[in-house]
Amino acid sequence: MTKRFKIPVHLAVIMDGNGRWAKKRNMPRFMGHVEGAKSVRAVTEACVELGIKYLTFYAFSTENWKRPKKEIGFLMKLLNNYIDSEFSTMMKNNVRFHTIGDISRLPGGLAKKLEETKKKTSKNTGLNLILALNYGSRMEILAAVRQVADDVKNGRLSPDALDEKAITERLYTKGMPDPDLMIRTSGEMRISNFLLWQLAYSELYVTRVLWPDFRKKELLKALKEYSGRERRYGGVEAK
Ligand code: IPE
Ligand code: IPE
Ligand code: MG
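As the structure is a prediction and not an experimental result, all values here were calculated from the model. (Residues numbered from 1 in each chain as written. Chains lettered and ligands numbered in written order. Predicted model: local features only at pLDDT ≥ 70, side-chain atom pairs only at ≥ 80, totals over all residues. Heavy atoms only, no water.)

**Q** Whenever I open this one, the site of ligand 2 confuses me. Can you help?
**A** The immediate surroundings of ligand 2 are formed by Ile-14, Met-15, Asp-16, Tyr-58, Ala-59, Phe-60, Ser-61, Asn-64, Arg-67, Arg-184, Arg-190 and Ser-192. Between ligand 2 and Arg-190, the relevant distance is 2.8 Å, taken from an oxygen atom to a side-chain nitrogen or oxygen of the residue. Ser-192 places a side-chain nitrogen or oxygen 2.6 Å from an oxygen atom of ligand 2. With respect to the pocket detection grid, ligand 2 is positioned in the largest pocket. Looking at which element gives the most residues to the shell around ligand 2, the answer is strand S2 (residues 54-61), with 4 residues. (Near = heavy atom within 4 Å. Polar contact = N/O pair within 3.5 Å; in protein donor to acceptor, adjacent residues only side chain to side chain. 1 Å grid on protein atoms, 1.4 Å probe; cavity = no way out; pocket = protein on both sides within 12 Å on 5 of 7 lines; lining within 4 Å. Sits in = over half its atoms within 2 Å of the grid points. Helix = DSSP H or I, 4+ residues; strand = E, 2+ residues; numbered from the N terminus.)

**Q** I would appreciate a short explanation of the side chain of Ser-61 in the present structure.
**A** Mapped onto the fold, Ser-61 is located in strand S2. By relative accessible area, Ser-61 is classed as buried at 7%. What Ser-61 contacts, discounting residues up to four positions off in sequence, is Asn-134 and Tyr-135. (Buried < 20%, exposed > 50% of the residue type's maximum accessible area, 1.4 Å probe, protein only. Contact = heavy atoms within 4.5 Å.)

**Q** Where do I start with the pairing of S2 in this structure?
**A** Working note: regular strand, side chains alternate between the two faces of the sheet. Of all 8 residues in S2, 7 are buried; the element is thus mostly enclosed. Two elements, strand S1 (residues 10-14) and S2, share 5 bridges in a ladder whose sense is parallel. Residue pairing across strands places Ile-14 opposite Tyr-58, the latter belonging to S2. In the sheet, S2 pairs with strand S4 (residues 128-135) via 7 bridges, with the strands oriented parallel. (Pairing = 2+ DSSP bridges.)

**Q** Would you explain the site of ligand 1 in this entry?
**A** Every residue near ligand 1 is listed here: Met-15, Asp-16, Gly-17, Asn-18, Gly-19, Arg-20, Arg-29, His-33, Ala-59, Asn-64 and Arg-67. Interatomic distance of 2.7 Å between a side-chain N/O atom of Arg-20 and an oxygen atom of ligand 1. In the environment of ligand 1, an oxygen atom lies 2.8 Å from a nitrogen or oxygen atom belonging to the side chain of Arg-29. The protein chains hide 86% of the 380 Å² of surface that ligand 1 would expose on its own. Of the pockets mapped on this structure, ligand 1 occupies the largest pocket. Mapped onto the shell around ligand 1, the elements with two or more residues apiece are helix H1 (18-24) and helix H2 (29-50). The greatest single-element share of the shell around ligand 1, amounting to 3 residues, is contributed by H1. Residue composition of the shell around ligand 1, grouped by class: 2 nonpolar, 5 polar and 4 charged. (Areas by Shrake-Rupley, 256 points an atom, 1.4 Å probe, with all protein chains shown as cover. Nonpolar A, V, L, I, M, F, W, Y, C, P; charged D, E, K, R; others polar.)

**Q** What is the right way to read the nonpolar core from this model?
**A** The tendency in soluble globular proteins is for nonpolar side chains to be buried as a group. Residues Leu-11, Phe-57 and Leu-219 are the most contacted members of the largest nonpolar core, which totals 41 residues. At the level of secondary structure, the elements contributing two or more residues to this core comprise S1, H2, S2, helix H3 (69-92), helix H4 (110-120), S4, strand S5 (181-184) and helix H7 (216-227). It is H3 that provides the largest number of residues to this core, a total of 7 residues. Non-local contacts of Leu-11, meaning those with residues more than four positions away in its chain, are made with Cys-47, Ile-52, Tyr-54, Leu-55, Thr-56, Leu-181, Ile-183 and Leu-219. (Core = buried A, V, L, I, M, F, W, Y, C linked by side-chain atoms within 4.5 Å.)

Put into structure tokens, the structure is as follows:
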């Protein structure tokens, strides 16, 4: 693949529209999730080829527990199968696996499996693949604030020394750069509790394409648009 575009260091994705994709075809919602998992594979592979360093997928939000039990169960099973089937590809492609969110609340042996996958891939130096699982940005920020309050109370941190870094290094994304580009599929113009702190200056790209239809071709379209954006970070146009 030729690098015709400016490549983001960190690409974050809200994968949305699996249910609508299935509904359009008179299929049950879970079929949309099955096809959506194939898009995860396709986009990850394309990011490996493009040399993207960080790729974050919003896979399950803290609000998604409101869904029917059967759908949640299916998503968890899909995640379990995904880890099993993708592990060898991760090793082959030098992919390092991470999660953000409270995985301890995931059912079965999932948390253990995810921790093992992180450990086994920890020496890989290519793409950092990050799955947001039972992730909510408000919960993440709240947990960081709680830690700060605790450190202040115990005299480990002075309120005067409190800066942005004190927060960023207490977030799940500690050590990772903020996303340069955030893609949301299926047309919804909202952030849905995803990386609220980290997305402050990210470029946003919303497409009406439903997640199961978002593959390499759509990714390249998004990167082309991103390449034409001018990022000013509150400053003025660069001369
Ligand atoms: C996104 O697709 C998948 C997850 C949230 C896990 P949805 O399931 O939200 O699909 P729609 O929005 O109902 O079409
Ligand atoms: C966002 O999609 C969350 C994930 C992709 C995991 P949702 O479908 O859950 O979000 P809303 O309900 O449209 O805001
Ligand atoms: Mg949705």
